[in-house]
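Descriptive structure summary
Now for the letters of each chain:
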Number of protein chains: 2
Amino acid sequence: MVLAEIITIGDELLIGQVVDTNSAWMGQKLNEAGIRVFQKTAVSDNEEHIIAAFNEAEKRADVILVTGGLGPTKDDLTKITLCKYFKSNLRFDEKVFLDIEKIFKARGREVTKTNRSQAEVPEKCTVIHNSMGTAPGMWFEKKNKFFVSMPGVPYEMKAMMEKDVLRMLKENFRTPHIFHKTVLTQGIGESYLSDLIETWENSLPPTIKLAYLPSPGLVRMRLSGSGNLESEVRQEIAEEMAKLHSIAGKYIYGYDDDTLESLVAGLLKEKKLTVSTAESCTGGYIAHRITTVPGSSEYYKGSVVAYHNEIKTKFLEVDAQTISEKGVVSEEVVNQMALHIKNKFKTDCSIACSGIAGPDGGTPEKPVGTVWIAVATPGGVVTRKLQLGDNRERVIIETCQHSLNLFRKILAGESIS
Amino acid sequence: MVLAEIITIGDELLIGQVVDTNSAWMGQKLNEAGIRVFQKTAVSDNEEHIIAAFNEAEKRADVILVTGGLGPTKDDLTKITLCKYFKSNLRFDEKVFLDIEKIFKARGREVTKTNRSQAEVPEKCTVIHNSMGTAPGMWFEKKNKFFVSMPGVPYEMKAMMEKDVLRMLKENFRTPHIFHKTVLTQGIGESYLSDLIETWENSLPPTIKLAYLPSPGLVRMRLSGSGNLESEVRQEIAEEMAKLHSIAGKYIYGYDDDTLESLVAGLLKEKKLTVSTAESCTGGYIAHRITTVPGSSEYYKGSVVAYHNEIKTKFLEVDAQTISEKGVVSEEVVNQMALHIKNKFKTDCSIACSGIAGPDGGTPEKPVGTVWIAVATPGGVVTRKLQLGDNRERVIIETCQHSLNLFRKILAGESIS
């Protein structure tokens, strides 16, 4: 098992000025290459601190990837620190200098003195070309361990990893194949899901790990496996997936990077159906989600957000008497909203909702979080009553997740009981 | 100098499935409280690894904040590991259980066995209430050092930090006063802004730092100062703010946690005006932003998302001849959309937009990112043509930022030249 540690250097990461997206990206790529990221450490622009982190990482990992601190300004200490750590002098590299010169000439400028110093590299390192910037990457080997220093600028680091570093790492290690499959569920809370799949989870083989990743209206479950043969690992994951489906299948709607709106898009295009929405408490969020998908104008015609009752009665022609008798948050009202928008906008399908997002507006009978949704298709109207708790943002997102998934199931012919 | 270390627990962070936004946020908040984040470490869901990280952090830091691993499922090991580290047994906490029960009852459900176990807490810890979820936070003291364990779910951790943890930390340490003020700008790109304020930025006193935080349609500038007297630090920041205003004031719309939708809300409520929206390329996003503000029904009546031209002509009564002659992405069309939705929904104001979000639909004359916006108020209609580049998500967000800021300026009586 090849272990890696990622060390990110930079005060801006510690004070929270910048969110570290680099190490997440690197973690994914290393993982795909069969290298396990054991730890990530963020340290400041400080020689002692960096050296302490190098020392500790060297005990724990086979591969140490370092980002940051390679710029031409005074707070960039990585190169000097690497020289100290590996007891190496600097040498001027003509090829690196020519690369830097080329970048400056393309902008009609001369190389500055500070940028010239970026062509000085530790004698003991192998230089890695930076195709997107001026600071070269550096590769060190020490007793079968590898240190790789790369720029902190995301697009520079990514290009360096993809062009050279991942290849160089794979050339030096025989790595197991690691494979992940993430399952997306909607309609069941994390703890209920855990109870439901408990027996299966407890009997997973030791080579397969399960992790839960909850967010509003969505619980992701990630199955991870590793082994020497890619086909065997994939097979093992597929078998466990099949078992998971037989237990929790009714809650599973997709995998990996799927979204409900993209899955619905696929079904609508396949069946050549169109959709509109009539929203109240979601305030346009469902329409927004639908239209994040490029090309959505192929199946989506438009929406009415009827935030006030008069908009519901005048433009969606919801019966005022019904609102008066049953309340605006009711099955009857949401049913009318769905049918009327469908007819008015001449779409095959529609989604409607009416509820109390909060924090105000709740009553003992209909507390905050009470939402009625309706999905209309050529086959008829399906309605559901939801109870979504009292966090406004979550009520909005979860109403959308419930509605889109109900719509998806109806279009796909899945059971909606 | 009080040093903190942040330890994030979770395999999903190491393999890069999730970007760690928690530690950046925590870093900011600790920084504001005068506590310096010395290191951040991400470790896996593994007892040995977690304990090794605790051991090392204890040597380096006064405060160790730990997030993750507090869920009710089997991969959540933090609590057990804390018990081992502090040699503590668990005890059942009745108050925590009642909190958990309340959350389940609000959704009409009974507490599951696995969630019940979340009410077991280490005897040696002080329980910190989780106002947004089921897992309580835990506070440990050991030889003048403090360990704080919090959930990894961002909104749960943030609420816990803001309600209790930051206060508890400040009560235990004497820290320098650090003060930040963030300025929000719209309508100018980061590098142009940097050029505009260059002279001022270069002459900032050494105790004041400036950071740029760009995102679509918004460039934040954060001024930070530190010192022993709160009043002096605030005074220094105020003076620099005044200078910044005199240079870049036309682009500044708010501060700190302001949002355009909340600023617009304040102005509409103050002037007792109502608003509606007629959207095309933004697909409901403007309506969604407006309705994220609690109580928005006081001034917002509703929207029409006219994604197809037939919805524009039939429902918004945009003249078909105008669309034919000028094109649907034109000043004339967006002007009609704004006036007609205002009249139909009987609101005092309205916002309308028509554009090409992409990736398809562009022409040489009107490339992707071409958007016309219109804002109607009792004073008349103001239109603007925008050119927003070819990233779909950014075109949508930036159209909304432009529209809401134009609306805000008109309502506030600011210059809109």
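Keep in mind that what you see is a predicted model, and the values were worked out from it rather than measured.

1. What to know about the overall build of chain A
Looking only at helices and strands, chain A features 16 helices and 17 strands. Taken over the C-alpha trace, chain A has a radius of gyration of 28 Å; the compact-globule value for 417 residues is 22 Å, which it surpasses by more than 25%. Along the first, second and third principal axes, the C-alpha set of chain A runs to 85 × 55 × 40 Å. Out of the 417 residues belonging to chain A, those deemed buried represent 57%. In chain A, the proportion of contacts linking residues at least 24 apart, taken out of those at least 6 apart, comes to 66%. Carbon and sulfur atoms make up 49% of the accessible area of chain A, which totals about 17,600 Å². Of the side-chain charges in chain A, 51 are positive and 54 negative, and the distance between the mean point of each set is 3 Å.

2. As for the interface of chain A and chain B
Facing the 80 residues of chain A at the interface are 78 residues of chain B. Linking chain A with chain B are four salt bridges, by the criterion used here. Here Glu310(A) ties to Lys301(B) by a salt bridge, and the two come within 3.3 Å at their closest N and O atoms. In this assembly, chain A and chain B are joined by 36 residue pairs in polar contact (both at pLDDT 80 or more). Counting residues per element, the side of chain A that touches chain B draws most heavily on strand β2 (residues 35-43) of chain A, which supplies eight residues. Bridge count for β2(A) against strand β2 (residues 35-43) of chain B is four bridges, and the pairing is antiparallel. Bridging from a neighbouring strand, Ala42(A) pairs with Lys40(B) of β2(B).

3. Section: the packing of helix α2 (residues 22-32) of chain B against helix α7 (residues 154-172) of chain B
What describes two packed helices is the angle between their axes and the distance between those same axes. Residue and element names in this part refer to chain B. At a minimum axis separation of 11 Å, α2 and α7 run at an interaxial angle of 25°. For the element pair α2 / α7, the angle class is roughly parallel. In the crossing of α2 with α7, the sense of the turn from one axis to the other is right-handed. Only Pro154, Met157, Lys158, Met161, Glu162, Leu166 and Leu169 of α7 make contact with α2, whose side of the interface consists of Asn22, Trp25, Met26, Lys29 and Leu30. Of the residues belonging to the contact of α2 with α7, the class tally is eight nonpolar, one polar and three charged.

4. Considerations on the domain arrangement of chain A
The domain architecture assigned to chain A consists of domain 1 (2-172), domain 2 (177-255) and domain 3 (260-412). Computed from C-alpha coordinates alone, the two centres of domain 1 of chain A and domain 2 of chain A are separated by 36 Å.

5. Concerning the side chain of Ser149(B)
In this structure, Ser149(B) sits in strand β8 (residues 145-150). Contacts of Ser149(B), omitting those with residues within four sequence positions, involve Val66(B), Leu70(B), Thr78(B), Leu82(B), Gly137(B) and Met138(B).

6. Here we look at the nonpolar core
The biggest cluster of nonpolar side chains holds 42 residues, and the ones touching the most others in it are Val304(A), Leu316(A), Met337(A), Val304(B), Phe315(B), Leu316(B) and Met337(B). Put simply, the parts of the chain that give this core at least two residues each are β14 (300-306), α13 (309-315), α15 (331-344) and β16 (370-377) of chain A together with β14 (300-306), α13 (309-315), α15 (331-345) and β16 (370-377) of chain B. Broken down by element, this core gets its largest block of residues, six residues, from α15(B).

7. Quick word on the sheet that holds strand β6 (residues 126-128) of chain B
Pairing is mixed in the open sheet, where 12 strands are placed in the order β6(A)-β7(A)-β8(A)-β3(A)-β1(A)-β2(A)-β2(B)-β1(B)-β3(B)-β8(B)-β7(B)-β6(B). In the strand order of this sheet, the two ends are held by β6 (126-128) of chain A together with β6 of chain B, each with one partner. Taking each pair of neighbouring strands and ignoring which way they run, the sheet shows an average axis angle of 20°. Sheet topology note: the strand β7 (residues 137-142) of chain A/strand β8 (residues 145-150) of chain A ladder contains five bridges and is antiparallel. Bridge pairing in β8(A) places Trp139(A) opposite Val148(A).

8. Section: the sheet that holds strand β9 (residues 177-185) of chain A
All names here are of chain A. With respect to topology, four strands assemble into an open sheet ordered β10-β11-β9-β12, the strand pairing being antiparallel. Only two strands of the sheet have a single partner each, and these edge strands are β10 (208-215) and β12 (252-255). Pairs of neighbouring strands in the sheet enclose a mean axial angle of 25°, with direction left out of account.

9. Let's talk about helix α11 (residues 260-271) of chain B
Residues and elements named next belong to chain B. Taking 1.5 Å of rise per residue, the 12 residues of α11 would be expected to cover 16 Å, and the 17 Å separating its terminal C-alpha atoms lies within 8% of that figure. Turning to α11, its buried residues number three or more, namely Leu260, Glu261, Val264, Ala265, Leu267 and Leu268. The secondary structure elements touched by the buried residues of α11 are β12 (252-255), β13 (275-279), α12 (285-291), β15 (349-355) and α16 (392-412). After α11 finishes, the residue Lys272 shows a positive phi value of roughly 55°.

So, how was this worked out
- Residues numbered from 1 in each chain as written.
- Chains lettered and ligands numbered in written order.
- Predicted model: local features only at pLDDT ≥ 70, side-chain atom pairs only at ≥ 80, totals over all residues.
- Heavy atoms only, no water.
- Helix = DSSP H or I, 4+ residues; strand = E, 2+ residues; numbered from the N terminus.
- Rg over C-alpha atoms; globule rule 2.2 N^0.38 Å.
- Buried < 20%, exposed > 50% of the residue type's maximum accessible area, 1.4 Å probe, protein only.
- Contact = heavy atoms within 4.5 Å.
- Areas by Shrake-Rupley, 256 points an atom, 1.4 Å probe, with all protein chains shown as cover.
- Lys, Arg positive; Asp, Glu negative; His and termini not counted.
- Charge placed at Lys NZ, Arg CZ, Asp CG, Glu CD.
- Salt bridge = Lys/Arg side-chain N within 4 Å of Asp/Glu carboxyl O.
- Polar contact = N/O pair within 3.5 Å; in protein donor to acceptor, adjacent residues only side chain to side chain.
- Pairing = 2+ DSSP bridges.
- Axes fitted to C-alpha atoms, helices over the stretch in contact; angles between N-to-C directions.
- Parallel < 35°, antiparallel > 145°, perpendicular 65-115°, else oblique.
- Left-handed = near helix turned anticlockwise from the far one by under 90°.
- Nonpolar A, V, L, I, M, F, W, Y, C, P; charged D, E, K, R; others polar.
- Domains from an automatic or database assignment.
- Core = buried A, V, L, I, M, F, W, Y, C linked by side-chain atoms within 4.5 Å.
- Expected span 1.5 Å × (residues − 1).

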